[in-house]
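Overview (structure and organization)
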Amino acid sequence: TQLGQLDHMSSSFDLSSNFLSSTIPTQLGQLDQISVRFLLENNKLTGSIPTEIGNLENMAYVYKVSKNALSSTIPTELGKVTKMYSIFSLSSNALSSS
């Protein structure tokens, strides 16, 4: 996917409520400059959360991947997103912890 080529994006990434029905592309982890909003909520995304999403270390405000059909375990790499102090939501999926 070409989404990973958006490497100069520094504020928000919002594809919520678009009826997307695929897996989350691993290339989204290359958007490591995003610091305000990363929204993929309210779609029909399946599969797991890619470990590369842990590269979004600058994310501080809103991270929402809720209301999808994601399954598998929550990747431990999300623990690298240490600047997060606002909303972090994975709700309404079928995720489990390892």
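Residues numbered from 1 in each chain as written. Predicted model: local features only at pLDDT ≥ 70, side-chain atom pairs only at ≥ 80, totals over all residues. Heavy atoms only, no water.

All right, on to the confidence of the model for the chain then. In the predicted model, the chain carries a mean pLDDT of 87, and 89% of its residues have values of at least 70. The weakest mean pLDDT in the chain belongs to strand β1 (residues 12-14) at 86; the strongest belongs to strand β3 (residues 46-47) at 96. (pLDDT = per-residue confidence, 0-100. Helix = DSSP H or I, 4+ residues; strand = E, 2+ residues; numbered from the N terminus.)

With that settled, consider the pattern of salt bridges. Counted by the stated rule, this structure contains 2 salt bridges. A salt bridge links Lys 64 to Glu 41, with the shortest nitrogen-to-oxygen separation between them at 3.8 Å. Of this pair, Lys 64 sits in strand β4 (residues 62-64) while Glu 41 sits in the loop between β2 (37-39) and β3, and the two are 23 residues apart along the sequence. The class for Lys 64 is partly exposed, based on a relative accessible area of 22%. Residue class for Glu 41 comes out buried when judged on its relative accessible area of 17%. (Salt bridge = Lys/Arg side-chain N within 4 Å of Asp/Glu carboxyl O. Buried < 20%, exposed > 50% of the residue type's maximum accessible area, 1.4 Å probe, protein only.)

Okay, the sheet that holds β2 next. On the basis of which strands lie adjacent, the open sheet formed by 4 strands has the order β1-β2-β4-β6 and parallel pairing. Two strands close off the open sheet at either side, each with one partner strand: β1 and β6 (87-89). Within this sheet the neighbouring strands show an average axis-to-axis angle of 10°, counted without direction. Of the pairings in the sheet, the one linking β1 to β2 comprises 3 bridges and is parallel in character. Bridge pairing in β2 links Asp 14 to Leu 39. (Pairing = 2+ DSSP bridges. Axes fitted to C-alpha atoms, helices over the stretch in contact; angles between N-to-C directions.)

What follows concerns the sheet that holds strand β5 (residues 69-73). Taken in spatial order, the 3 strands line up as β3-β5-β7 in an open sheet, and their pairing is parallel. Unpaired on one side and paired on the other, β3 and β7 (94-96) mark the two borders of the sheet. As paired strands, β5 and β7 are joined by 3 bridges and run parallel to one another. Looking at β7, one finds that Ser 71 is bridged to Ala 94.

One finds Ile 24, Leu 28, Phe 38, Leu 40, Ile 53, Tyr 63 and Val 65 to be the most contacted residues of the largest nonpolar core, which totals 19 residues. Residues in contact with Ile 24, not counting those within four places in the same chain, are Leu 40, Leu 45, Thr 46, Pro 50, Ile 53, Val 65 and Leu 70. (Core = buried A, V, L, I, M, F, W, Y, C linked by side-chain atoms within 4.5 Å. Contact = heavy atoms within 4.5 Å.)

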